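Examination of the molecular architecture
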Amino acid sequence: MNTEPAGAEVDVDELLERVWAAMTENQQNMEEIVRLSDVSFRLWVDSLAQRVAAALGLSLARVHAFFDDVGSIARRAGHTFVGAYHEGYRTARKVPESGRRSRGGRA
């Protein structure tokens, strides 16, 4: 860093001032790097959290849809079972139900 010709007098105060300025600039640069690193890390964590949340939300939505589908299938099967049961019951009866006799049959 010494650009003066050999044998020339060096001003110690000026040299110390230059060294101090370089050290101060270096410190400021390091602080800026730390600040940017902190911001970058927070942005990365935010991005990661958003991706995880999206993946979990999508998975949860699929699971919820699956359970709704299973519920719909079970309800439809239940209605079909009840309908088939009642139809089978009506056809298996040999005697008409008491409430379904014709009214004109009595004298």
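Residues numbered from 1 in each chain as written. Predicted model: local features only at pLDDT ≥ 70, side-chain atom pairs only at ≥ 80, totals over all residues. Heavy atoms only, no water.

Some points on the packing of aromatic side chains
Under the criterion given, the structure shown has four aromatic pairs. Where Phe 81 meets Tyr 85, the ring centres are 6.5 Å apart and the plane angle is 25°; that geometry is what we call stacked. Here Tyr 85 and Phe 81 lie together in helix 1 (residues 12-92), a separation of four residues that amounts to about one turn. Classification of Phe 81 by relative accessible area gives exposed; the value is 60%. With a relative accessible area of 49%, Tyr 85 lands in the partly exposed category. Taken together, the ring pairs connect Phe 81, Tyr 85 and Tyr 89 into an aromatic cluster. (Phe/Tyr/Trp six-rings, centres within 6.5 Å; stacked < 30°, edge-to-face > 60°. Helix = DSSP H or I, 4+ residues; strand = E, 2+ residues; numbered from the N terminus. Buried < 20%, exposed > 50% of the residue type's maximum accessible area, 1.4 Å probe, protein only.)

Observations regarding a nonpolar patch on the surface
Taken together, the side chains of Phe 41, Trp 44, Val 45, Leu 48, Val 52 and Leu 56 present a nonpolar region at the surface, about 580 Å² in accessible area. Tracing the sequence through the fold places Leu 56 in helix 1. (Patch = residues over 30% accessible without salt bridge, like charges linked within 9 Å, V, L, I, M, F, W, Y side chains within 5 Å. Areas by Shrake-Rupley, 256 points an atom, 1.4 Å probe, with all protein chains shown as cover. Salt bridge = Lys/Arg side-chain N within 4 Å of Asp/Glu carboxyl O.)

Points about the pattern of salt bridges
Summed over all chains, the structure comprises four salt bridges. A salt bridge links Arg 18 to Glu 14; its shortest N-O distance comes to 2.6 Å. Of the two residues, Arg 18 and Glu 14 both sit in helix 1, four residues apart, roughly one turn of that helix. A residue is classified by how much of its surface remains accessible, and Arg 18, at 43% relative accessible area, is partly exposed. With relative accessibility at 35%, the residue Glu 14 sits in the partly exposed group. Across the salt bridge formed by Glu 87 and Arg 90, the nearest N and O atoms sit 3.5 Å from each other. Note that Glu 87 and Arg 90 are positioned in helix 1 at a spacing of three residues, about one turn of the helix.

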